[in-house]
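Observations on the three-dimensional arrangement
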Amino acid sequence: MKNISMFFMSLVFMEGVFGETVSVKEGKPITLHTGLTEIQKDDMMDWTFGAEQNLIARVIKENIPTIFDTELNGKFKGRIQLSGPTGDLTILNTRSSDSGDYEVSNSTNIFKKTFRVRVDSGLSPGAIAGIVVGVIVLVAAAVFGIYFGYRKKGQML
Ligand SMILES: *[C@@H]1O[C@H](CO)[C@@H](O)[C@H](O)[C@H]1NC(C)=O
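Fair warning: this is a prediction, and the values are worked out from it, not measured in the lab. (Residues numbered from 1 in each chain as written. Predicted model: local features only at pLDDT ≥ 70, side-chain atom pairs only at ≥ 80, totals over all residues. Heavy atoms only, no water.)

Details of the sheet that holds strand β2 (residues 30–32)
How we decide: By this definition, two strands are paired if DSSP reports at least two bridges between them. Helix and strand definitions here come from DSSP, where helices need a minimum of 4 consecutive H or I residues and strands a minimum of 2 consecutive E residues; each element is numbered from the N-terminal end. Only the contacting stretch of a helix is used when fitting its axis, a line to C-alpha atoms as for every element, and angles between N-to-C directions run 0 to 180 degrees.
Spatial strand order, β2-β7-β6: three strands in an open sheet with antiparallel pairing. Edge positions in the open sheet fall to β2 and β6 (80–83), since each of these has one partner strand only. Strand-to-strand twist of the sheet, defined as the mean angle between neighbouring strand axes without regard to direction, takes the value 25°. Note that β2 and strand β7 (residues 88–91) share three bridges and pair antiparallel. Residue pairing in the sheet places L32 in a bridge with L89 of β7.

Structural data, given as C-alpha cells:
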C-alpha cells in the first residue's frame, strides 16, 4: 500500500518538483547529467543530497572539483565522481541508502535541476540460489514425509 501511494505521489510531483526520476540496481553506478554542454566561465555548480540539501560536491570551471565525501558521516566516501565540462555526478557502487533527492544548481540558482534516485536492492544471485535450495529441500522433505507416512500406515495394517 505504501509503495502504491508513493508511486502516485511520484506521478503527481514528477513534472513539478522533481525534474527527473531515475532508478538503478544496487551496486551499479549511476550518473546524473546536468544537461549542460559546458559549465559557464566563473560559474560554480553545487550538488546536494536529501531534503537538508547537504553539499556533496562542488564544481568550479577549470578547477579540480571538490568532493565533500566526509559530509553525512562519510556516506559517499570514495564513491563520488564528477566529469569536468558538464559537471555530471556519478555515484559508484550504489546502496539503497543512496535513494533520495539530488539537486544541482549554479551560483545564481538560476540553473537548477533535481533528480529523484531510487536504488533497487532486488535479489542477489546468492539469495536466489538460497531460495531455490530451500524449495528443493522442502519438496524433498514433503515427498519423503508422504512416502514414509504411507509405509508406516502400511506396516500398521
Ligand atoms: C547560472 O545559470 C543560468 C542559466 O543557465 C545562466 O544564465 C547564468 O549565467 C549562470 N550563472 C553564472 C554565474 O554563470
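As for the pattern of salt bridges
Rule in force here: Definition used for salt bridges: Asp or Glu carboxyl oxygen within 4 Å of a side-chain nitrogen of Lys or Arg. Exposure is judged per residue with a 1.4 Å probe applied to protein chains only, and the accessible area is read against the type maximum: over 50% gives exposed, under 20% gives buried, and values in between give partly exposed.
On inspection of all chains with the given rule, the structure shows six salt bridges. When the shortest N-O distance is used, the salt bridge between K75 and D98 registers 3.9 Å. Placement of K75 in the loop between β5 (66–67) and β6 and of D98 in the loop between β7 and β8 (100–106) is noted, with a sequence separation of 23 residues between them. Residue class for D98 comes out buried when judged on its relative accessible area of 1%. D101 is paired through a salt bridge with R116; the nearest N and O atoms lie 2.8 Å apart. Of the two residues, D101 sits in strand β8 while R116 sits in strand β9 (residues 112–120), which places them 15 residues apart along the sequence. Within the structure, one salt-bridge network assembled from shared partners comprises K75, R79 and D98.

None of this, on its own, says anything about what the molecule does.
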